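Spelled out from the first residue to the last, the chains are:
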Amino acid sequence: MRATLKLADTDAASATEQELRALEQEYCSHGDTVHYTENPKFFENCEGSFVFDSTETPFLDLQMWYSAVNFGYKNERLTKAAHRQLDSLPQIASQYLHREKVELAAMIAKDAEQKFGNKGRVHFNVGGSQAIEDSLKLVRNYTGGKSLMFAFEGGYHGRTLGATSITSSYRYRRRYGHFGERAQFVEFPYHFRGPKGMSKEEYGHACVQKFARLFESEYNGVWDPKAGKSEYAAFYVEPIQGTGGYVIPPMNFFSELKKVLDDHGILLVVDEIQMGVYRTGKLWSIEHFGVSPDVLVFGKAITNGLNPLSGLWAREEMINPTIFPPGSTHSTFASNPMGTAVALETLKMVSENDFGASVMAKGARFLDGLKELEKRHAIVGDVDGLGLALRMEICREDGFTPDKATLDWMSDEGMKGDLVVNGKTYGLVLDVGGYHKNVITLAPNLMISNDEIDLALNLLDQLLTRAVRR
């Protein structure tokens with residue numbers, strides 16, 4: 001008798017949420033990020049800045065799929081691009097070419113050459129962690145097999161094994177044995193929790209000087225002054241820390257750091273997976289800091305979350321076919337037609353007007369509102385932002401001691417969907433990050449309206465008030 005795939009005794013289309021939860025408990029792994037709360041929310045629709053549950057309650061999303069949906073849910077132009085590609089060439093093996101891949105690579109590479117002053121090439125994959133893995137292969141290959149990297153405390157580069165080795169959180173490595181080539185983690189200028197009495201710029205300079213001390217003599221463990229060689233191949237950086245809590249460094253920091261790296265032959269690899277594609281008001285967040293990377297890794301919002309695509313740009317001497325030949329890395333779905341088509345349309349869309357200026361203006365409005373909330377609520381210890389990458393640090397009433405429990409409560413409270421503004425009921429989707437998991441990392445729709453910004457501030461105000469009164 002022919003076997004059939006059955007969901008359950010209940011028909012799939014008519015299963016209640018309770019029945020679906022029972023199936024999920026029995027058949028779904030809890031090893032992904034879903035079960036950070038006891039009963040994760042079911043959503044059934046989305047549009048613009050909102051997601052909707054089964055009651056059609058709108059939840060204002062201030063994390064937009066971890067900054068993957070930068071241009072709003074169901075963005076009409078990008079969705080149409082996906083449909084066009086679906087109707088023409090939705091699938092093709094990666095050993096063949098298609099127009100969208102070539103045009104997208106050329107657009108990214110030409111833009112990088114203009115901004116960074118170096119000719120380079122683009123290499124595609126499907127997810128951020130996979131692109132980080134590709135960059136590690138590229139760096140190791142170029143540096144003659146060097147496998148040691150620098151990275152930042154608070155940095156996050158993914159959860160594949162190689163990416164985990166340069167991600168500072170031990171909890172991502174703990175279950176998987178010893179990581180012999182784990183990165184050396186260096187202090188990031190997190191000014192709010194840095195030494196008191198220093199300006200942001202002074203603290204940034206001090207962090208660079210602390211790093212530069214590693215190269216003062218051979219006895220600091222990373223440098224052979226006689227040979228002029230470092231044991232380390234590259235420094236992996238997020239220009240603005242993502243999972244670390246949207247920590248924004250001083251503007252002098254990366255230019256000073258880059259000089260130390262250049263003086264000692266160490267490559268700069270910039271991870272733009274979360275902060276790229278105009279999250280900070282520029283295509284790449286590193287553009288704010290006036291330095292040129294050797295490798296730049298991108299992903300997430302390049303397709304607005306419609307189809308997985310990631311990749312990297314690298315200088316020509318690192319990635320040309322004589323040094324990085326065919327088959328150096330491979331993924332079946334790398335440079336897939338659906339992803340490259342939507343990404344190409346994304347970059348065309350943001351290049352047609354001064355998109356960055358719009359993001360900066362909205363970000364300034366949002367940040368001004370957050371500062372007002374900081375004045376009114378003692379539990380808000382710090383707010384900061386660049387473009388529409390914004391942070392609010394939740395503390396005890398002393399304004400400094402991290403308060404993870406309160407932020408966890410606020411996140412769950414926002415998901416109840418019972419906040420009321422002008423007689424209408426809303427929910428609020430927040431993301432939690434930071435060194436102490438007490439930071440609201442705000443990554444709203446880059447096309448958010450001023451009215452939606454004001455709504456967000458109102459909803460945050462309500463949650464903060466409830467948190468103190470609970």
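Residues numbered from 1 in each chain as written. Predicted model: local features only at pLDDT ≥ 70, side-chain atom pairs only at ≥ 80, totals over all residues. Heavy atoms only, no water.

Right, let's get into the packing of helix α12 (residues 404-414) against helix α13 (residues 450-469). Helix-helix packing is described using two parameters, namely the angle between the two axes and the distance between the axes. As a packed pair, α12 and α13 sit with axes 10 Å apart at the nearest point and diverge in direction by 125°. Considering the angle they form, α12 stands oblique to α13. Pair α12 / α13 crosses with right-handed handedness. Mapping the contact onto sequence places Thr 406, Trp 409, Met 410, Glu 413 and Gly 414 in α12 and Leu 463, Leu 464, Arg 466 and Ala 467 in α13. (Axes fitted to C-alpha atoms, helices over the stretch in contact; angles between N-to-C directions. Helix = DSSP H or I, 4+ residues; strand = E, 2+ residues; numbered from the N terminus. Parallel < 35°, antiparallel > 145°, perpendicular 65-115°, else oblique. Left-handed = near helix turned anticlockwise from the far one by under 90°. Contact = heavy atoms within 4.5 Å.)

In summary, the side chains of a regular strand alternate between the two faces of the sheet. Burial runs high along strand β14 (residues 389-394): six of the six residues are buried. Every second residue of β14 is oriented toward a common face, with Ala 389, Arg 391 and Glu 393 on one face and Leu 390, Met 392 and Ile 394 on the other, all of them buried. Looking at chain direction, β14 and strand β18 (residues 439-442) are connected through four bridges and run antiparallel. Paired with Leu 390 across the strands is Leu 442, a residue of β18. (Buried < 20%, exposed > 50% of the residue type's maximum accessible area, 1.4 Å probe, protein only. Pairing = 2+ DSSP bridges.)

Okay, the pairing of strand β13 (residues 380-386) next. Buried residues dominate β13, accounting for six of its seven residues. Note: β13 against β14, six bridges, orientation antiparallel. Paired with Leu 386 across the strands is Ala 389, a residue of β14.

With 18 residues, helix α4 (residues 99-116) extends 26 Å between its outermost C-alpha atoms, agreeing within 8% with the 26 Å of an ideal straight helix rising 1.5 Å per residue. Taken residue by residue, α4 has Glu 100, Leu 104, Ala 105, Ile 108, Ala 109, Asp 111, Ala 112 and Phe 116 as its buried positions. Taken around the axis of α4, the buried residues stretch over an arc of 160°, which confines them to a single face. Pointing more than 90 degrees away from the buried face of α4 are the exposed residues Arg 99, Lys 110 and Gln 114. The inward-facing, buried residues of α4 abut α3 (76-88), β4 (120-125), β11 (295-298), β12 (310-315) and α10 (337-351). Of the residues trailing α4, Gly 117 is marked for its positive phi of about 75°. (Expected span 1.5 Å × (residues − 1). Arc of directions from axis to C-beta.)

So, on to the sheet that holds strand β5 (residues 148-152). Across the sheet, seven strands lie side by side as β4-β12-β11-β10-β9-β5-β6; this open sheet has mixed pairing. Whereas interior strands pair on both sides, the edge strands pair on one side only; in this sheet they are β4 and β6 (184-186). Strand-to-strand twist in this sheet, taken as the mean axis angle between neighbours without regard to direction, amounts to 20°. In terms of strand pairing, β11 meets β12 through four bridges, oriented antiparallel. Directly across from Val 297, in β12, lies its bridge partner Leu 312. Running over the sheet, α4 touches β4, β11 and β12 and is turned about 135° from β4.

Here we come to unusual backbone geometry. Although it is not a glycine, Met 64 sits at a positive phi angle of roughly 45°. Relative to the helices and strands, Met 64 resides in helix α2 (residues 64-67). Judged by relative accessible area, which is 0%, Met 64 ranks as buried. The backbone of Tyr 66 sits at a positive phi, close to 55°, despite the residue not being glycine. With relative accessibility at 35%, the residue Tyr 66 sits in the partly exposed group.

This next bit is on the layout of surface pockets. Each pocket or cavity is described by its volume, and for the second largest pocket that value is around 710 Å³. Lys 101, Val 122, His 123, Phe 124 and Phe 324 are, among the 27 residues lining the second largest pocket, the residues nearest its centre. At the level of elements, α4, β4 and α9 (316-319) are the ones that each hand at least two residues to the lining of the second largest pocket. Residue contributions to the lining of the second largest pocket peak at six residues, all from β4. (1 Å grid on protein atoms, 1.4 Å probe; cavity = no way out; pocket = protein on both sides within 12 Å on 5 of 7 lines; lining within 4 Å. Points joined across faces, edges and corners; volume = space filled by probe spheres on them.)

What characterises a pair of aromatic rings is the spacing of the ring centres plus the angle enclosed by the ring planes. For the structure shown, the criterion picks out 24 aromatic pairs. Considering the side-chain rings of Phe 150 and Phe 215, the 6.4 Å spacing of their centres and the 65° angle between planes classify their relative orientation as edge-to-face. Here Phe 215 lies in the loop between α7 (200-212) and β7 (223-224) and Phe 150 lies in strand β5, a separation of 65 residues in the sequence. An angle of 80° between the planes, with centres 5.4 Å apart, marks the rings of Phe 211 and Phe 215 as edge-to-face. Comparing Phe 211 with Phe 215, the two get one shared label, buried. Aromatic ring contacts, followed pair by pair, group Phe 150, Phe 152, Phe 188, Phe 211, Phe 215, Trp 223, Tyr 232, Phe 235, Phe 253, Phe 254 and Phe 289 into a single cluster. Note that Arg 193 overlies the ring of Phe 400, its terminal NZ or CZ placed 4.4 Å from the centroid. The aromatic ring of Trp 409 is capped on one face by Arg 470, whose charged end is 5.2 Å from the ring centroid. (Phe/Tyr/Trp six-rings, centres within 6.5 Å; stacked < 30°, edge-to-face > 60°. Lys NZ or Arg CZ within 6 Å of the ring centre and 35° of its normal.)

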